[in-house]
Amino acid sequence: HFNFHYHAHLDIFINVFSYLVPAGIGIRPPDCIYWLHTHDVSGIIHVESPENRTFSLGQFFDIWGKKFNNSQIFDFTVDKSQNKSLAVFINGTAVTDMQYRNIPLFNHEDITIVYGTPPSELPAYEFSY
């Protein structure tokens, strides 16, 4: 029973290239659906919970089973001597002085993670609902 339902959007770029956030994260048929999940490959994170509480980006990555913190995404680690940095943007603004895993997921928030060489322009997601 989901009393609260809202959406955030996640883009991931690894060395300029877009990394697909897969469908079905947090959905385990036939009868298990996590409060954080994806239905399709749009990058939309569905937050559907019986209680009104704040969830974090780190919790989503834990459900996904992927590594993510301020020095690593997946198997890619930060090495500034080789221009292998990691940055997170919320609605186009860089996140500073915060643990990336603790970034809260709010309704209609557009989160972009960039590892290594960034894309020429950060995309802005337009929520249609």
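Each remark here, short or long, concerns the structure printed above.
Residues numbered from 1 in each chain as written. Predicted model: local features only at pLDDT ≥ 70, side-chain atom pairs only at ≥ 80, totals over all residues. Heavy atoms only, no water.

### A look at the pairing of strand E11 (residues 86–90)
Right, on to step 1. Of all five residues that make up E11, four are buried, and the element is covered over most of its length.
Right, on to step 2. Here five bridges tie E11 to strand E14 (residues 110–115), and the two strands are oriented antiparallel to one another. When the sheet's bridge partners are listed, Ala87 is paired in E14 with Val114.
Right, on to step 3. Examined bridge by bridge, E11 and strand E12 (residues 93–94) share two bridges and lie antiparallel to one another. Within E12, the position partnered with Phe89 by the bridge is Ala94. (Buried < 20%, exposed > 50% of the residue type's maximum accessible area, 1.4 Å probe, protein only. Helix = DSSP H or I, 4+ residues; strand = E, 2+ residues; numbered from the N terminus. Pairing = 2+ DSSP bridges.)

### Some remarks on the sheet that holds strand E9 (residues 72–73)
Right, on to step 1. Read across the sheet, three strands follow the order E8-E9-E10 without closing on themselves; strand pairing throughout is antiparallel. Because the sheet does not close on itself, it has two edges, and the strands there are strand E8 (68–69) and strand E10 (76–77).
Right, on to step 2. Direction of pairing for E8 relative to E9: antiparallel, over a ladder of two bridges. Its bridge partner lying in E9, Asn69 is registered against Gln72.

### Some remarks on the environment of Gln99
Right, on to step 1. Structurally, Gln99 can be placed in the loop between E12 and strand E13 (104–105).
Right, on to step 2. Along the sequence, Gln99 and Ser71 sit 28 residues apart, while their C-alpha atoms lie 9.9 Å from each other.

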